[in-house]
Amino acid sequence: MLPTYSAGKPGDARSTAPVYSTVPGDVTWDTMSFISELKRRKVLRVAAIYIVSAWLSLQVADVLFPGWGVPDTAIRFVVYAAAAGFPLALLFAWMFDITPHGIRRTPRSDTHEATTLASRDYGLLVFLVLLFVAITWNFAHRVALTRSGIPEASIPVRVPNARLLAILPFHDESLETEDAAFLANGVHRDLMTNVMKIASLGVIAPGSVEQYRDTRKPPSVIGRELAVSHILEGAVQRAGARVRVTLQLVKADSELSIWAESYDRTLTADNLFEIQADIAEKVAIALQAEMTPAEKSRVQNPATEIFAAYEALARGYEAYDENNAVAIEEALHWFRRALEVEPDFAHAHQAIGRLYAYTSLFGALPPEEAFELAENSLRRAIELDPAIGPAYAWLAVIVRNRDGEFAKALDLLDTALANEPGNARIMHIKALTLRLLGRLEEAAPLYKRAQRLDPLSLTVTESYGSFLRDFGRFEDAEQQYRRALALDPDFPSTWWGLGTLYWTKGQPAQALEWFDGAIDRLPYSDDFRAWLSLAQLELGQAGLAEESAQQSLVALRGRKSTSVQYVLYLAAVAQGDDFTRWPDERTMLGHIWLGGAMQLPGQTLMQSQFAGALTEIEARVPGLENADEALDFRNFREAVDAAIALARLGEKERSTQLLDRVDAFIATQHRIGFRGYWVEDARVAALRGDSDGAIVALETAVAEGWRNLWWFYFEHDPALDTVRADARFQALHSVVAAEMRAESAKP
């Protein structure tokens, strides 16, 4: 029931006091009396003080946050906290007074005496305090998560940038009889490529703007969701031999148009590329972004002068974007059709190379065949057009995955980014390459930038989760993988990534569920199948691992699989094989996705043929003992193996020199993560004869969650031979084995 107010009788002391009506439904009151009551209860004074204090807090935060490593965007949390606390302050002011005798209930106007607190008042005060603490804690937590450094997975970077725009998919306004959807999509794609060539501009990647096709969302909402300052909208209309392109550049927050243009031309390839170049330059001018002469030259360089070749390429990409087996075949048909029209069409060669390189990653073709087809097309594209950035990037994928030439891959990626500095896909490929090299700090800013430009990309989101996994940031990694699942619950790589996360955390039983899910979604991936068998080995299920690996070879229909075959070797050893079926030398998968399994010692070393092992190692890694030869994750285990062989051959000094260099390398690596470097500390200490150091390192590794290939290291690793009889070593082995048996017994 709301109060009513009465003027009272003349001379009545309560003439200005509120009189609460007892008449049902009576909801009228004297406004001036209500304001007087607010003043009497000091509510207006508290509101004014609160607003001034909140404003001062914002000014202080604006000054101090940068010095504390907190980005400017965290100020919004100060605003949220202040807004949330405002009604609490008003409620407190209305109901309570702070007096010299403590907190008292605000007196009624007819008594003028503060009343002591009742039980319910204490309950209300406790509730207000707890609510205030919750708001403050949440505010502090959110600010802490935005501290500078490697970005938190749970809070994507969402800072609107004055030179970052989203180019929404263009509308096709042609008549249905024109069959011109490919044209609108082609103009949109090529325009985005042109903007990516301008280093001082940023453009949201195609995959992240695709969800806004035919959207009804206003620019202000899209701007907030993608954290961009400007949005470019457009439409393409084909009418026979004519084409019209209309565009509007909108400031996202105000939804005001700052530039608009309409182009009406004869439909030729030259005219289309001229329109796209002009748009890119005018957008750069509107956003006050400078273009270098080299960038202008790249933007103005037409891909082809033959419209039929352009049309075939555009139709191919339209099919390619559907991302299924039938569509891929259709895309290949159109790309080849473009080359029939124009054999020296660099972009068509690049499209074919990209298609084959992509299929090599997901098993649609045998990797060797896909790599060869891709490389031939990509090298031809670069020969025809040295400024075609994506061709360098996909060639880098090939030389990295097939040849293991990471340095060459990084050089190619640098060239790709020099030509298209705003291409989020290329940034991601370089970040992934650095991650695989163990250069996580260098990969971090590239991941951050790639996510900034492609916030809705499944591939980038999943890969960033794997980066956090490698870093040992397991909770953040899981949050990132879950974000990827929210984007697409059936993306196979996310299921695989979560499996590797649980495997890395020493929880292979949970990993099995995720590997099964990955295989269900991509049955022909030999790597997913190999990981499933590897997790079974971790659980002590060697027979089951061998059986599932054999089933995988059947499911792959005779296609060669190095990863599945290697797991079969591991299963044989786990069941008592004396390494007669072990590879003659260290087997390496180009994409190194078996978490160190591909870098175990070779057959000769495992069979104690130390001189032969040293010869093999020196042949594989010439100059390994050269002090100037840098060690990295690809060759440091070779150095450990060489140190084992040298020590057994009596070459202690040479062995020690190698171990010193290994120590220097692993000192720079994260101990907990995908590769579990704690176990390397134990191996080196054991080889130096430091049994106590080896045991402490192993105990630390186990305590921190290391279980990767635990059974091999405990039972077979020659580096640990010197501590294998130690009671502490055996006790630790028993603990881990019992733990894995318990995991295996879980339903």
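See the structure shown above.
Treat the numbers as computed from the prediction; the structure is a model and nothing was measured. (Residues numbered from 1 in each chain as written. Predicted model: local features only at pLDDT ≥ 70, side-chain atom pairs only at ≥ 80, totals over all residues. Heavy atoms only, no water.)

**Student:** Before we go on, may I ask you to explain the overall build of the protein chain in this structure?
**Tutor:** Scanning the protein chain from terminus to terminus reveals 32 helices and 10 strands. For the protein chain, the residues scored as buried account for 52% of the 747 residues in total. Entry remark: accessible area of the protein chain is about 33,800 Å², with carbon and sulfur atoms responsible for 55%. (Helix = DSSP H or I, 4+ residues; strand = E, 2+ residues; numbered from the N terminus. Buried < 20%, exposed > 50% of the residue type's maximum accessible area, 1.4 Å probe, protein only. Areas by Shrake-Rupley, 256 points an atom, 1.4 Å probe, with all protein chains shown as cover.)

**Student:** Help me understand the environment of glutamine 669, please; the structure alone is not making it clear to me.
**Tutor:** Take glutamine 669: it is sitting in the loop between α28 (652–666) and α29 (678–687). Separated by 198 residues in sequence, glutamine 669 and phenylalanine 471 have C-alpha atoms that sit 9.2 Å apart.

**Student:** Would you mind going over the packing of aromatic side chains with me for this structure?
**Tutor:** The description of an aromatic ring pair uses the distance of the two centres, along with the angle that the planes make with each other. On inspection of all chains with the given rule, the structure shows 21 aromatic pairs. Ring geometry for tyrosine 317 versus tyrosine 320: centroids 6.5 Å apart, planes at 85°, classification edge-to-face. In this pair, tyrosine 317 and tyrosine 320 are both assigned in helix α10 (residues 307–320), three residues apart and thus about one turn of the helix distant. A single burial state applies to tyrosine 317 and to tyrosine 320, both of which are buried. Aromatic side chains phenylalanine 467 and phenylalanine 471 sit 5.3 Å apart centroid to centroid with 80° between the ring planes, which places their arrangement in the edge-to-face category. The class of phenylalanine 471 is buried, set by a relative accessible area of 11%. One aromatic cluster is present, formed by Trp706, Trp711, Phe712, Tyr713, Phe714 and Phe729 through successive ring pairs. Just above the ring of tryptophan 334 sits the side chain of arginine 315; from NZ or CZ to the centre is 5.8 Å. (Phe/Tyr/Trp six-rings, centres within 6.5 Å; stacked < 30°, edge-to-face > 60°. Lys NZ or Arg CZ within 6 Å of the ring centre and 35° of its normal.)

**Student:** Help me understand the packing of helix α20 (residues 492–504) against helix α22 (residues 526–538), please; the structure alone is not making it clear to me.
**Tutor:** Angle between the axes and distance between the axes: these two values describe a pair of packed helices. Contact pair α20 / α22: the axes reach a minimum separation of 11 Å and the direction vectors enclose 20°. Between α20 and α22, the crossing angle belongs to the class labelled roughly parallel. Relative to α22, the crossing made by α20 is left-handed. Contacts from Pro492, Ser493, Trp496, Thr500 and Trp503 of α20 reach α22 at Phe528, Trp531, Leu534, Ala535 and Glu538. Per-class residue counts for the contact of α20 with α22 are seven nonpolar, two polar and one charged. (Axes fitted to C-alpha atoms, helices over the stretch in contact; angles between N-to-C directions. Parallel < 35°, antiparallel > 145°, perpendicular 65-115°, else oblique. Left-handed = near helix turned anticlockwise from the far one by under 90°. Contact = heavy atoms within 4.5 Å. Nonpolar A, V, L, I, M, F, W, Y, C, P; charged D, E, K, R; others polar.)

**Student:** Which parts of the structure should I look at to understand the pattern of salt bridges?
**Tutor:** Oppositely charged side chains can pair when the atoms bearing their charge come close. Tallied over the entire structure, the rule returns 38 salt bridges. We note a salt bridge from aspartate 344 to arginine 380, for which the minimum N-O separation is 2.8 Å. Here the residue aspartate 344 occupies a position in the loop between α11 (325–341) and α12 (346–362), and arginine 380 occupies one in helix α13 (residues 367–384), the gap between them amounting to 36 residues. By relative accessible area, which is 46% here, aspartate 344 ends up partly exposed. A salt bridge links aspartate 641 to arginine 683; the nearest nitrogen and oxygen atoms lie 3.9 Å apart. Highlighted residues: aspartate 641 in helix α27 (residues 636–648) and arginine 683 in helix α29, separated in sequence by 42 residues. On the accessibility criterion, arginine 683 (2% relative accessible area) is buried. The network of salt bridges with shared partners includes Arg637, Asp641, Glu680, Arg683 and Asp717. (Salt bridge = Lys/Arg side-chain N within 4 Å of Asp/Glu carboxyl O.)

**Student:** Even after reading the chapter, I still don't get the pairing of strand β8 (residues 228–239), so can you show me in this structure?
**Tutor:** Put simply, side chains in a regular strand alternate between the two faces of the sheet. Burial analysis of β8 places nine of its 12 residues in the buried class, the great majority of the element. Sheet topology places strand β6 (residues 171–172) next to β8; two bridges connect them, and they run parallel. Across the sheet, residue aspartate 172 finds its bridge partner in β8, namely valine 236. Where β8 lies against strand β9 (residues 242–251), 10 bridges are found, and the strand directions are antiparallel. Its bridge partner being in β9, valine 236 is matched across the sheet by valine 245. In this antiparallel pair of consecutive strands, β8 and β9, the connection spans two residues, and glycine 240 shows a positive phi of 65°. (Pairing = 2+ DSSP bridges.)

**Student:** How should helix α14 (residues 389–401) be read in this particular structure?
**Tutor:** Since there are 3.6 residues in each turn of an α-helix, residues three or four apart along the chain are aligned in direction. Between the first and last C-alpha of α14 there are 19 Å, a value that for 13 residues agrees with the 18 Å anticipated at 1.5 Å per step. Of all 13 residues making up α14, 13 are buried, and the element is well covered by its neighbours. (Expected span 1.5 Å × (residues − 1).)

**Student:** Can you walk me through the side chain of asparagine 635 in this structure?
**Tutor:** Along the polypeptide, asparagine 635 turns up in the loop between α26 (610–620) and α27. In this structure the side chain of asparagine 635 is engaged in a polar contact, spanning 3.3 Å, whose partner is the backbone oxygen of alanine 630. If we ignore the near neighbours within four places in the chain, the residues touching asparagine 635 are Val621, Leu624 and Ala630. (Polar contact = N/O pair within 3.5 Å; in protein donor to acceptor, adjacent residues only side chain to side chain.)

**Student:** Could you clarify how one ought to interpret the nonpolar core in this entry?
**Tutor:** Most often, soluble globular proteins have nonpolar side chains that are buried together. In terms of nonpolar packing, the biggest core is built from 205 residues, with Leu183, Leu232 and Ile279 touching the most fellow members. With residues up to four places along the chain from it excluded, the contact list for leucine 183 reads Val236, Arg238, Val243, Leu267, Leu272, Phe307 and Tyr310. (Core = buried A, V, L, I, M, F, W, Y, C linked by side-chain atoms within 4.5 Å.)

**Student:** I'm lost on unusual backbone geometry in this one. Help?
**Tutor:** Of all residues except glycine, most have a negative phi; of all peptide bonds, most are trans. Phi is positive for aspartate 214, which is not a glycine, with a value near 60°. Secondary-structure assignment places aspartate 214 in the loop between α6 (206–209) and α7 (219–226). One non-glycine residue, leucine 709, lies in the positive phi region at around 55°. By the element assignment, leucine 709 lies in the loop between α30 (691–703) and α31 (710–715).

**Student:** Explain the environment of valine 662 here, please?
**Tutor:** Within the fold, valine 662 resides in helix α28. Each C-alpha atom of the pair valine 662 and alanine 639 lies 7.0 Å from the other, and the pair is 23 residues apart in sequence. Leave out the neighbours within four places in its chain, and valine 662 touches Leu631, Phe636, Ala639, Val640 and Val684.

**Student:** In this structure, what is going on with the pairing of β9? I would like to understand it.
**Tutor:** Inspection of the sheet shows β9 paired to strand β10 (residues 256–266) by 10 bridges, in the antiparallel sense. Residue pairing across strands places glutamine 248 opposite alanine 260, the latter belonging to β10. In sequence, β9 turns back onto β10 through a hairpin of four residues, with glutamate 255 there showing a positive phi of about 60°.

**Student:** Which parts of the structure should I look at to understand helix α23 (residues 542–555)?
**Tutor:** Here α23 is 14 residues long and its end C-alpha atoms lie 20 Å apart, about the 20 Å a rise of 1.5 Å per residue gives. Listed as buried for α23 are Ala542, Ala545, Ser548, Ala549 and Ser552. Down the axis, α23 shows its buried residues gathered within 125° of arc, on one side only. (Arc of directions from axis to C-beta.)

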